[in-house]
Amino acid sequence: MDYKSLQIDMDGPVVVVTLSRLGRRNALDEATVEEIGHFFQNPPKEARTAVLRGEGPHFCAGLDLEEHARLQRTPVQFMRMCQRWHWAFDQIQFGGLPVIGALQGAVVGGGLELAAACHTRVADVSTFFALPEGQRAIFTGGGATVRVGRIIGPSRMVDMMLAARTYDAARGMDLGLCHEVVPEGQSFQRAMRIAQAAAKHAPMSNYAIVTAISRINDMSTTDGLFAESLVAGIVQSSPEVAEGLEMFLQKRSKRIEPT
Ligand code: 1HE
């Protein structure tokens, strides 16, 4: 696929995906969402982890409101569009590649839905989170009811939308919308360091981390524990395990220390 709204760069084992619609503050039109889904469904073979960022001062301004106004979609067309967003963001969350979101400025509406599909989110202090759909006479459609609702809880999500709340980076971190806050302009560098370190993990271990935990949390206790044992059984018997254990037994592996 010839990507027009994404810039793709390899940096060792890390693939950097940059949303590049600066003139629209990286807002998501239909073509961009297709590119995101296609990319994360078919990442480069040599990529072990990914960093997703937005060009310029904002991560992503959500739904492309110019396209939305222009296309005058019918209810069925908008429903279909939302389902393409769900498919595309599922490729991020469940595609198997660990994806680190590097956030700055606006992470709003569909931009927050996109960020919520990333596995780790690093925000700089300029970051703000909002779901302004209510103020635009629309509703979330890119997965927020599921992904954001599960992060901050449905009651807080209702309040966030009704009371038109904008959370800054520190509040976002309290609520789990991001996992780390760094000084202005440093979210990309920090996301890269996390991605480079995670790229050294055994691939099966990373695959289990990014695909199994969310799914198991959708299950009942009994089913979840059973599924965990199955996943663990497969991961624990992968070839990289012997090497990792050998390093530990020879006292060559990194100690786990308080930070
Ligand atoms: C856009 C969009 C957009 C900016 N669609 N063109 N999303 C929103 O409600 C957020 C709307 N945007 C904003 O609140 C602000 O633009 C920002 C806080 C993101 C950035 O502010 P700023 O001052 O840096 O930029 P700007 O001057 O407001 O915008 C620069 C340009 O980007 C301008 O175009 P220009 O031709 O006048 O230069 C804007 O029109 C354009 N732009 N945001 C299209 N979103 C699956 S359902 C999901 C539902 C939602 O996502 S609802 C939330 C929609």
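*Asks:* Would you mind showing me how to read the site of the ligand here?
*Replies:* Contacts to the ligand come from 24 residues, most closely from Ala61, Leu63, Leu65, Gly110 and Arg136. Within the side chain of histidine 58, one N or O atom sits 2.9 Å away from an oxygen atom of the ligand. Arginine 136 has a polar side-chain atom sitting 2.5 Å from an oxygen atom of the ligand. In isolation the ligand has 1,000 Å² of accessible area, and contact with the protein removes 64% of it. Among the secondary structure elements, those contributing two or more residues to the shell around the ligand are α2 (65-71), α3 (75-94), β5 (106-108) and α4 (110-116).

*Asks:* Explain the packing of aromatic side chains to me, please; I cannot follow it from the model alone.
*Replies:* Each aromatic ring pair is described using two quantities: the centre-to-centre distance and the angle formed by the ring planes. Scanning the model with the defined rule gives three aromatic pairs in all. When the ring of tryptophan 85 is compared with that of phenylalanine 89, the centres are 5.6 Å apart and the planes differ by 55 degrees; the resulting orientation is tilted. Taken together, the residues span about one helical turn, with tryptophan 85 and phenylalanine 89 both in helix α3 at a distance of four residues. Phenylalanine 89 gets classed as buried once you look at its relative accessible area, which sits at 0%. Through successive ring pairs, a cluster of aromatic residues spans Tyr3, Phe39 and Phe40. Between arginine 53 and the ring centre of phenylalanine 188, over which it is positioned, the NZ or CZ distance is 3.9 Å.

What counts, and where the lines are drawn
- Numbers given to residues run from 1 along each chain, matching the order in which its sequence is written.
- For this predicted model, a pLDDT threshold of at least 70 governs which residues receive local features, and a threshold of 80 or more governs which side-chain atom pairs are given and counted, while totals over whole chains, interfaces and linings are taken from all residues.
- The side-chain values count all of the structure's non-hydrogen atoms but skip hydrogen atoms and water molecules.
- Put simply, a residue is near a molecule or strand once any heavy atom of it comes within 4 Å of that molecule or strand.
- Two N or O atoms form a polar contact when they lie within 3.5 Å of each other; inside protein one atom must be a possible hydrogen donor and the other a possible acceptor, and for residues adjacent in sequence the pair counts only when both atoms belong to side chains.
- Every accessible area reported is derived by Shrake-Rupley at a probe size of 1.4 Å, with residue values counting cover from the shown protein chains alone.
- In this description a helix means any DSSP run of H or I spanning at least four residues, a strand means any run of E spanning at least two, and both kinds are numbered starting from the N terminus.
- Side-chain rings of Phe, Tyr and Trp, where Trp is taken by its six-membered ring, are said to pair if the distance between their centres is within 6.5 Å; with planes under 30 degrees apart they count as stacked, over 60 as edge-to-face, and otherwise as tilted.
- Relative accessibility decides the category of a residue: with a 1.4 Å probe and only protein chains considered, values under 20% of the type maximum give buried, values over 50% give exposed, and everything between is partly exposed.
- Consider the ring centre and the ring normal. A charge sits over the ring if Lys NZ or Arg CZ is within 6 Å of that centre and within 35 degrees of that normal.

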